[in-house]
Amino acid sequence: MANQDPKKIEEFSGGLYDTTFLLGRFRRRAAIRRLIVAPNSTDIVLLAEALARNHPDSAMIIDLLQRLTSDRDPDKVVALWIAWGQAPQPALATVLARLGWPASRSLEVKVARAMLMLASVGATPEILHTVAVLARSLPVNDEGWNDEIYATWVRSQSDEFERVINEQQRQPGSPTLEALHALVTGAIARYTALNDEDGAILAQAFLMAPPAFRDRMARTVANNPDRKLKEAYRRALSGGGMDDTRMIANLKLVGDEDGLFEKVRFLRLGAVLELCDYWANHPGRPSRPKLAEVVDRAVTAYHALMKLQTKSPPPPPVLPDGLMDIFDYWRQQPFSNESEVDFHSKNPSYKAHGLYLGYKRGAVNRQLLRNAAYSPHWLERLVARLLDSHTLAKAKEDHVCWVSVCAGEAAMLQIPIAGTPEDYRRHGDLLQRSNETSRTHVLLEILCAFQGAFVASGISVDEIDDAVEPGAIEIEEADEEF
């Protein structure tokens, strides 16, 4: 049987759904037995598909699959895991939970992450249990994987994953996750060991916690007499004051796609590109289908942007003999006290030279560049726009061509997503008129995707009882596209 011809294997699989009167049942069962012992591990996937289709002999398939072992049949077990990860089903989940992941086979990062993402609040108990079995096979002393498992616990709010963490004593790399788990489970000594003097870690943990976890955190704080802990918790309730970067990192960590999407509203296009990169490499999407479509549209444009960036840049122009690019010349000059004097020189050439060298070495603050951006001398404006994209937020068309060219794409990256319907229409018109193979076009595509979503939504300020901050923003369904 071990040397069966692959063509015959296919013949056997053809009988898997035989419905011929009387003989059909015997042929189906013969096909099942042959597929179980087939040497090619991919043939076992046909039985997984049969279970998903409610095969009339499902009980027999489950019984034979459970006779496999991770030691004797590792490749077949891996094939079943991968098939289940692509199309989860309760029957096969039960089989895999019993078999586990073969110790002799490495688990690919991409496969593991995709399966961990299956664990969510709405997942069935069978799926949660099976994913937890897989999680137990991941390295215990790897803080990166432990962070992933903690994040899955937060996302799924699953007792299964809480047991994995507790029984395997998994230690996360993130202090926020450490604090969250300690406060939710009542292990106050673990939180105390973090030395969270100003309560910043607790505030981050609170913002990361879903409502059910916040209730458990509240009980932990209420049962502890430490006044500092109570004060830190009170500050967390008021909203903390976490910066956008940390907030986005925490939302990513727990897979809060809806929260990430809402955060886009308060960002500029340049920062949104980082989120597009995240979504391009992760399967998670917002829960509302239309918002998920917005993300998919932006990711498609982002992929096009990456392709444009990998193209070789055009060769530099050939200068006449005796001439040299001014920036190449400046880069060859040493930065000295004389360069610092140039910051305030009345000679625009000297000042531009000093700003250029000083900024590269961290000696120029942003205010100097902002002042230079409004200088009457074009060379100073050119340097300011080259070095600091923040100066371009209000940049206008310049009468010097080179200065305007510098402002183009960099200025776009400073455009806030939260705009007006007029902004959205203007950007849409620019998108229609732009060259589809240009970076400007794909940046406008991303901008319009998100602006369209937010411009088409009604916004009202409402006092929500469970809001982190008073006057929280509530999104209402609009009559239009979103």
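All values derive from a computational prediction rather than experimental measurement. (Residues numbered from 1 in each chain as written. Predicted model: local features only at pLDDT ≥ 70, side-chain atom pairs only at ≥ 80, totals over all residues. Heavy atoms only, no water.)

A. Structural context of the overall build of the protein. Within the protein, the regular secondary structure consists of 27 helices and two strands. When burial is assessed residue by residue, the protein has 45% of its 482 residues classed as buried. Across the protein, every contact between residues at least 6 apart in sequence was considered, and the portion connecting residues at least 24 apart equals 59%. Accessible area of the protein: about 26400 Å², with a carbon and sulfur share of 52%. (Helix = DSSP H or I, 4+ residues; strand = E, 2+ residues; numbered from the N terminus. Buried < 20%, exposed > 50% of the residue type's maximum accessible area, 1.4 Å probe, protein only. Contact = heavy atoms within 4.5 Å. Areas by Shrake-Rupley, 256 points an atom, 1.4 Å probe, with all protein chains shown as cover.)

B. Region of the structure containing the pattern of salt bridges. Applying the stated criterion across every chain yields a total of 17 salt bridges. Between aspartate 328 and arginine 331 there is a salt bridge, with its nearest N and O atoms 2.4 Å apart. You can see aspartate 328 and its partner arginine 331 sitting in helix H20 (residues 326-331), three residues apart, about one turn around the helix. With relative accessibility at 47%, the residue arginine 331 sits in the partly exposed group. For arginine 426, the salt bridge goes to aspartate 423, with nearest N and O atoms at 3.0 Å. Residue arginine 426 and its partner aspartate 423 are located together in helix H26 (residues 421-433), separated by three residues, close to a single helical turn. Classification of arginine 426 by relative accessible area gives partly exposed; the value is 40%. Connected via shared salt-bridge partners are Arg28, Arg29 and Asp57. (Salt bridge = Lys/Arg side-chain N within 4 Å of Asp/Glu carboxyl O.)

C. Highlighting the packing of H26 against helix H27 (residues 439-455). It is the contact of H26 with H27, at a shortest axis distance of 9 Å, that shows an interaxial angle of 150°. When the axes of H26 and H27 are compared, the pair comes out roughly antiparallel. Considering the relative orientation of H26 and H27, their crossing is left-handed. Across from Pro421, Asp423, Tyr424, His427, Gly428, Leu430 and Leu431 in H26, the residues of H27 making contact are His441, Leu444, Glu445, Leu447, Cys448, Gln451, Gly452 and Val455. (Axes fitted to C-alpha atoms, helices over the stretch in contact; angles between N-to-C directions. Parallel < 35°, antiparallel > 145°, perpendicular 65-115°, else oblique. Left-handed = near helix turned anticlockwise from the far one by under 90°.)

D. Spotlight on a nonpolar patch on the surface. Together, Phe21, Leu22, Leu23 and Phe26 make up a nonpolar patch on the protein surface, roughly 520 Å² of accessible area in all. Of note, phenylalanine 26 is situated in helix H2 (residues 23-37). (Patch = residues over 30% accessible without salt bridge, like charges linked within 9 Å, V, L, I, M, F, W, Y side chains within 5 Å.)

E. Spotlight on helix H8 (residues 125-136). An ideal rise of 1.5 Å per residue puts 16 Å on 12 residues; H8 measures up with 17 Å between its terminal C-alpha atoms. Turning to H8, its buried residues are Ile127, Leu128, Thr130, Val131, Ala132, Val133, Leu134 and Ala135. Here the buried face of H8 lies against helix H5 (74-86), helix H6 (90-99), helix H7 (109-116), helix H9 (143-156) and helix H10 (159-168). (Expected span 1.5 Å × (residues − 1).)

F. Structural context of the nonpolar core. Ranked by size, the top nonpolar core spans 71 residues in total, and within it Leu47, Leu65, Leu92, Phe161 and Leu180 carry the most contacts. No other element matches H5, which puts seven residues into this core. Ignoring any residue separated from it by four or fewer positions in sequence, one finds phenylalanine 161 in contact with Leu116, Ala119, Leu128, Val131, Ala132, Ala135, Ile149, Thr152, Trp153 and Ser156. The next biggest cluster of nonpolar side chains, apart from the first, holds 36 residues, and it includes Met247, Leu305, Leu431 and Ala449. (Core = buried A, V, L, I, M, F, W, Y, C linked by side-chain atoms within 4.5 Å.)

G. Representation of unusual backbone geometry in the model. With a phi close to 55°, asparagine 54 is a non-glycine residue in the positive phi region. According to the relative accessible area criterion, asparagine 54 is exposed, its value standing at 65%. A positive phi is found at glutamine 169, a non-glycine position, where the angle reads about 50°. Classification of glutamine 169 as exposed rests on a relative accessible area of 67%.

H. Up close: the side chain of lysine 263. Inspection of the secondary structure assignment puts lysine 263 in helix H17 (residues 257-264). Setting aside residues no more than four positions away along its own chain, lysine 263 makes contact with Asp244, Met247 and Ile248.

I. Layout of the packing of aromatic side chains. Counting across every chain of the model gives 10 aromatic pairs. Taking 5.8 Å as the distance between ring centres and 55° as the angle between the ring planes, the aromatic pair formed by phenylalanine 261 and phenylalanine 450 counts as tilted. Taken together, the residues span a long stretch of sequence, with phenylalanine 261 in helix H17 and phenylalanine 450 in helix H27 at a distance of 189 residues. The exposure class of phenylalanine 261 is buried, given its relative accessible area of 3%. (Phe/Tyr/Trp six-rings, centres within 6.5 Å; stacked < 30°, edge-to-face > 60°.)

J. Fine view of the environment of arginine 385. Considering the arrangement of structural elements, one finds arginine 385 in helix H24 (residues 378-387). Arginine 385 sits 15 residues away from arginine 370 along the chain, and the two C-alpha atoms are 8.9 Å apart.

K. Here's a closer look at the environment of histidine 344. Mapped onto the secondary structure, histidine 344 falls in the loop between helix H21 (337-342) and helix H22 (348-360). Placed 10 residues apart in sequence, histidine 344 and glycine 354 show a C-alpha to C-alpha distance of 8.8 Å.

L. Main features of helix H14 (residues 211-222). Taking 1.5 Å of rise per residue, 12 residues should cover 16 Å, and H14 covers 16 Å from first to last C-alpha, within 8% of that figure. Among the residues of H14, those classed as buried are Phe213, Arg214, Met217, Thr220 and Val221. Around the axis of H14, the buried residues are gathered within 115° of arc, so they sit on the same side. Along H14, exposed side chains directed more than 90 degrees from the buried face belong to Pro211 and Ala222. (Arc of directions from axis to C-beta.)

M. Summary view of the environment of asparagine 281. Of note, asparagine 281 is situated in the loop between helix H18 (269-280) and helix H19 (289-310). Exposure remark for asparagine 281: the relative accessible area of 55% places this residue in the exposed category. For the pair asparagine 281 and lysine 110, spaced 171 residues apart in sequence, the C-alpha separation works out to 9.8 Å.

N. Looking closely at the confidence of the model for the protein. On average, residues of the protein score 82 in pLDDT, and 83% of them are at 70 or above. Below pLDDT 50 for its whole length, residues 457-482 participates in 50 contacts with residues either more than four positions away or in separate chains. (pLDDT = per-residue confidence, 0-100.)

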